[in-house]
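Spelled out, the chains give:
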Amino acid sequence: MKIQISKRERDIPDVLRVHVERRLGLALSRFADQIGRVIVRFSHADGDTNGAHTRCRIEVALRPRRLDVEDTDADLFAAVNHATERASRSVARALAQGRP
């Protein structure tokens, strides 16, 4: 499972990068053999011109399907935590339904 972190308008501090990799590793490790790659994107929330809220979007590439989850929060770490939990539940649900 490859984890790729990209940014649009936000700089990604090293501590956040490590947090993202750790959270995703814990949340998705049991599905690692069925996941091709994971892309995490950070951007400003829609309509938030002052940049107070950040969107964390996680794209999980299951073979051959793709799942997208996102969360928006003023705290980058909270947005990552919530989006990671959603990604884990979505992957588990998709694999349980037998249609990756």
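Residues numbered from 1 in each chain as written. Predicted model: local features only at pLDDT ≥ 70, side-chain atom pairs only at ≥ 80, totals over all residues. Heavy atoms only, no water.

Help me understand the pairing of strand β3 (residues 54–62) in this model?
Look at any regular strand and the pattern is simple: side chains alternate between the two faces of the sheet. With respect to burial, β3 is a largely interior element, seven of its nine residues being buried. Sheet topology note: the strand β2 (residues 35–44)/β3 ladder contains nine bridges and is antiparallel. Considered in β3, the bridge of I35 is made with L62. Pairing geometry for β3 and strand β4 (residues 66–73), over eight bridges, is antiparallel. Following the sheet pairing, T54 is matched in β4 by D73. Between β3 and β4, which pair antiparallel and follow one another directly, the connecting turn spans three residues. (Buried < 20%, exposed > 50% of the residue type's maximum accessible area, 1.4 Å probe, protein only. Helix = DSSP H or I, 4+ residues; strand = E, 2+ residues; numbered from the N terminus. Pairing = 2+ DSSP bridges.)

Where do I start with the side chain of H19 in this structure?
Mapped onto the fold, H19 is located in helix α1 (residues 14–28). Take H19: its relative accessible area is 17%, and that puts it in the buried class. When neighbours within four sequence positions are excluded, H19 is seen to be in contact with F77, V80 and N81. (Contact = heavy atoms within 4.5 Å.)

It is not clear to me how the pairing of β2 should be interpreted in this structure. Could you clarify?
Pairing between strand β1 (residues 2–7) and β2: six bridges, direction parallel. In the sheet register, I5 faces β2, and the bridge partner there is V40.

Is there a simple way to think about the sheet that holds β2 in this case?
Across a sheet, strands are paired by hydrogen bonds formed along the backbone, either parallel or antiparallel in direction. One open sheet accounts for four strands, arranged β1-β2-β3-β4; its pairing is mixed. The sheet is open, and its two edges are formed by β1 and β4, each paired on a single side. Between one strand axis and the next, the sheet turns by 15 degrees as a mean value, whatever way the strands run. With respect to the sheet, α1 is in contact with β1, β2 and β3, its orientation differing from that of β2 by roughly 140 degrees. (Axes fitted to C-alpha atoms, helices over the stretch in contact; angles between N-to-C directions.)

I tried to follow the nonpolar core on my own but got confused; where do I start?
Nonpolar side chains tend toward joint burial in soluble globular proteins. By size, the foremost hydrophobic cluster in this structure holds 26 residues, and its most contacted members are L28, V40, F42, I58 and V60. When contributions to this core are tallied by element, the ones reaching two or more residues are α1, β2, β3, β4 and α2 (76–96). For this core, the element with the highest residue contribution is α2, accounting for eight residues. In this structure V40 touches Q4, I5, S6, V20, L24, C56, R57 and I58, once residues within four positions along its chain are discounted. (Core = buried A, V, L, I, M, F, W, Y, C linked by side-chain atoms within 4.5 Å.)

Before we go on, may I ask you to explain the pattern of salt bridges in this structure?
Here the idea is simple: oppositely charged side chains can pair when their charged atoms come close. Considering all chains together, one arrives at eight salt bridges under this definition. The residue R55 makes a salt bridge to E70 at a minimum N-O spacing of 3.1 Å. Residue R55 is found in strand β3, and its partner E70 is found in strand β4; the two are separated by 15 residues along the sequence. Measuring nitrogen to oxygen at the nearest pair gives 3.2 Å for the salt bridge that ties D71 to R86. Taken together, the positions of D71 in strand β4 and R86 in helix α2 put the pair 15 residues apart, joining distant regions of the chain. Each of R37, R41, R57, E59, R66 and D68 takes part in a single network of salt bridges with overlapping partners. (Salt bridge = Lys/Arg side-chain N within 4 Å of Asp/Glu carboxyl O.)

Remember that the coordinates give geometry; whether it matters functionally is a separate question.
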